[in-house]
Structures are given as structure tokens and as C-alpha cells.
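# Architecture and fold: a report
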Amino acid sequence: MYRSIIRGIGSHLPQNRLTNADIEKMVDTSDAWITSRTGISERRIASPGEATSNFATEAAKKAMDQAGISAEDIEMVIVATETPDYLFPPVAVIVQHRLGLNKAGVMDIHATCAGFITALQTADQYIRSGMYQNILVIGADTLSRFTDYTDRSTCILFADGAGALVVSRSETEDIGIIHTATHANGEHVQSLLIPSGGSLDPFNPSKEQKTTMYMDGPKIFKLAVSVMSETAKEVLDKSGYSVDQVNFLIPHQANQRIIDAVAKNMDVPQEKVISNIKYVGNNSSATIPIAIDANMKAGKIKKGDTLLLVAFGAGLIWGGALIKI
Ligand code: ACO
């Protein structure tokens, strides 16, 4: 039976820093409030002319370099994003062209902040079925373009960036993607959405519209803690692992208090929880691969470690994965 292994990983953050001090000048807030309620001190956001495809391409290049794989060997590009450059075509085809991946099929997966887990699950199924041997899985988002910088309850959280993995076929049983799970409940669509600019209410400059994010923060907070905790337990149960066998829990980086609450529900001690939200913020589909990459580079996560990943996003959509990196 085939297994999917992570052969290379890379990430990219835009240069432009948006600090809490900068946000204090935009809305009625304070560094102390943002730090204590979210754990975020600064985030990286796109400069004019940059878009999701730029970050995705840079992250993918690094993942391919680390994997030592040639463009000819990539058979599929999957980009998880909720903020594509255009409504169509997808970001994946732009990455495919820029990196000369001439033999690859492409797709974008839109599963909000659970997009990376959904993309990883999709790649894993292609590999397990025997269809493909090497897939580029990218989580990339540019939420700053859909954030209202006069709304203090959202502009403190969101950010931009990308993380990428080369996922490849292996016949070794004890490494790679062990189990994945994805779930959804569309009852909560109106609690976190961009109301206008889609096919229901297309952009119309002569109309008053909301083309930036609306979020019921406290409601999403409670849902996030509950679904991520449940899914983490489900993934462990289904794969026959105990929480003690996990080296690191890596929750979607949405709010430090959400990360702490999930860790507490799972009885995972602080030293086994990965958080880089302080300097990165919430860049949606990119948070988990960026956190893995940064912590591998820092030597905290080591080759062979077992990682429990959990994410949630607008919809509500959520999922988890257990991987031996
Ligand atoms: N600065 C100062 N005060 C603030 C700010 C701010 N930036 N934002 C809100 N407040 C105020 C509120 O107005 C409120 O004041 P009031 O009591 O006088 O009415 C008070 O702080 C408490 O507001 P809450 O909304 O209850 O604050 P909370 O502690 O819940 O924090 C937050 C708000 C940070 C938005 C939190 O609810 C949260 O993180 N929610 C989850 C968000 C999330 O994870 N979204 C995921 C998106 S995933 C995707 O797909 C995009």
C-alpha cells in the first residue's frame, strides 16, 4: 500500500509588517488589548501589486528545492486559498506556469481556513490510490485585501502568507500522513463571510456593499474551540494513537486563546503546542504549513516527529490530520 510522505517544505511571508502600534493609529484599540486578547504583536501584509499567487509561488519554490524535485516530476498542484488573485482562473494555474510545472494538473481548494487540511487530504488520496507520485500542496492567502481596517474586531487578526509541501509516494509504512478528517456545518455561513463581490451580489460601484469580512467573533471563537478539540480527538481515535504519542499539537493560528483552549481540552502541555501567531497573525490556509516550516528550521520540530494538525474556518469547515513528518 502507498503512503504519502512530506518530502519538502517551504514558506513565504510578505516583507510588509503591520504592528499593533500601526493598528493603534487606525482604530480605537491598544497593543495591550490586542496582545492579551489574541496573542498577536504583528502580522505581515501584502504590498501593492502582490497577491496570493506571489506568496504561493515563493513557498512552493522553497519546498521543491528542499525536496530536490524537478518541475517535470510534479504531477498536480493543489492550492488551498479563500483569497485567489482572481475569481477565476485559480491560483494553482498561475503557480504552475511560473514554476514551469508542465506536466501538472491544477486545482484550487476553497475550504476557508480549513483549506490546507482539505488539500492535504486530497493529495493523500491521490497518492494512496496510486494515481500520482508527487503533488505540490500549498496553503496561501491574502486576507488583508478583504479586511476592513476601520473594524477593530477583525483588522487585528488577519494577515497574508503561504506555506507549501511536496507530498510524495512512499512504500514505507511508518512515516507520512497517518490519518485525515474533514467536516462542515453550513448552519454558520452568516457568522463569518464576505457578503458582497460574489455571484449573489456582484461588485457594483454605485451600490453600498460590504466586500470585506463580517465576523461574529465571540460565536466563532466558541465554535472553533469545540470543533478543533473534537476533531483532534477523532483523528487520534481513528489512527489508534494516544495524545502522549504526539510530539506537537499544531492548531490553526487564529487566536492564542483558541490555541490554549484546544490544548487544555486535549491535555497537551504548553511545551508540546506550536504557536507562531505572535509575529505572523492569522493567514488562513497558510498558518499550519508556515508553523511547521518555521519550527523545523528552528530545530524544535524534528524529522520523525508526530504532529497533530487541526484547523477550522468560515462555513463552518474544519478538519484534522495526524502526520509523521
Ligand atoms: N480593541 C479594543 N477593544 C476591542 C477590540 C479591539 N481591537 N475588539 C473588540 N473590542 C471590544 C468590544 O467592542 C467589546 O467591548 P464592549 O464590551 O464594550 O462591547 C469587548 O472588546 C469584548 O468584545 P468581544 O468581541 O467579546 O472580545 P473577544 O474577547 O471575543 O475578542 C476576537 C474578539 C479577538 C475577535 C475574538 O472573538 C476572536 O478571536 N474570535 C475568533 C476569530 C477567529 O478565529 N476567526 C477565524 C477566522 S477563520 C477564516 O476563515 C477567515
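It should be emphasised that the depicted structure is a prediction, and the values quoted were computed from it without experimental measurement.

What counts, and where the lines are drawn
Residues numbered from 1 in each chain as written. Predicted model: local features only at pLDDT ≥ 70, side-chain atom pairs only at ≥ 80, totals over all residues. Heavy atoms only, no water. Domains from an automatic or database assignment. Salt bridge = Lys/Arg side-chain N within 4 Å of Asp/Glu carboxyl O. Polar contact = N/O pair within 3.5 Å; in protein donor to acceptor, adjacent residues only side chain to side chain. Helix = DSSP H or I, 4+ residues; strand = E, 2+ residues; numbered from the N terminus. Phe/Tyr/Trp six-rings, centres within 6.5 Å; stacked < 30°, edge-to-face > 60°. Buried < 20%, exposed > 50% of the residue type's maximum accessible area, 1.4 Å probe, protein only. Lys NZ or Arg CZ within 6 Å of the ring centre and 35° of its normal. Pairing = 2+ DSSP bridges. Axes fitted to C-alpha atoms, helices over the stretch in contact; angles between N-to-C directions. Contact = heavy atoms within 4.5 Å.

### Looking at the domain arrangement of the protein chain
Domains assigned within the protein chain are domain 1 (3-173) and domain 2 (177-324). Put simply, the middle of domain 1 and the middle of domain 2, counted by C-alpha atoms, are 14 Å apart. The interface formed by domain 1 and domain 2 includes 0 salt bridges. Applying the counting rule to domain 1 against domain 2 returns 20 residue pairs in polar contact (both at pLDDT 80 or more). Elements with a minimum of two residues in the side of domain 1 that touches domain 2: strand 1 (3-12), helix 2 (31-38), strand 3 (42-44), helix 5 (115-129), strand 6 (134-142) and strand 7 (160-170). The element contributing the most residues to the side of domain 1 that touches domain 2 is helix 5, with 8 residues.

### Let's talk about the packing of aromatic side chains
Taken as a whole and judged by the stated rule, the model has 1 aromatic pair. A centroid spacing of 5.0 Å and a plane angle of 55 degrees characterise the contact between Y126 and Y132, whose relative ring orientation is tilted. When its relative accessible area of 17% is taken as the criterion, Y132 is described as buried. Between R169 and the ring centre of Y2, over which it is positioned, the NZ or CZ distance is 3.9 Å.

### As for the pattern of salt bridges
If you walk through the whole model with that rule in mind, you get 8 salt bridges. We note a salt bridge from K207 to D201, for which the minimum N-O separation is 2.6 Å. Classification of D201 as buried rests on a relative accessible area of 17%. Notably, a salt bridge pairs D293 with K297, separated by 2.8 Å at the nearest N-O pair. Of this pair, D293 and K297 both sit in helix 9 (residues 287-297), 4 residues apart, roughly one helical turn. Assessed through its relative accessible area of 3%, D293 is described here as buried.

### Overview of the sheet that holds strand 8 (residues 176-184)
What the 4 strands build is an open sheet, ordered 8-13-12-11; its pairing is mixed. Of all strands in the sheet, those with a lone pairing partner are strand 8 and strand 11 (248-251), marking the two edges. Each adjacent strand pair in this sheet contributes to an overall mean axis angle of 10 degrees, direction not counted. Along the sheet, helix 5 contacts strand 8, strand 12 (306-313) and strand 13 (317-324); its crossing angle with strand 8, the most-contacted strand, is approximately 125 degrees.

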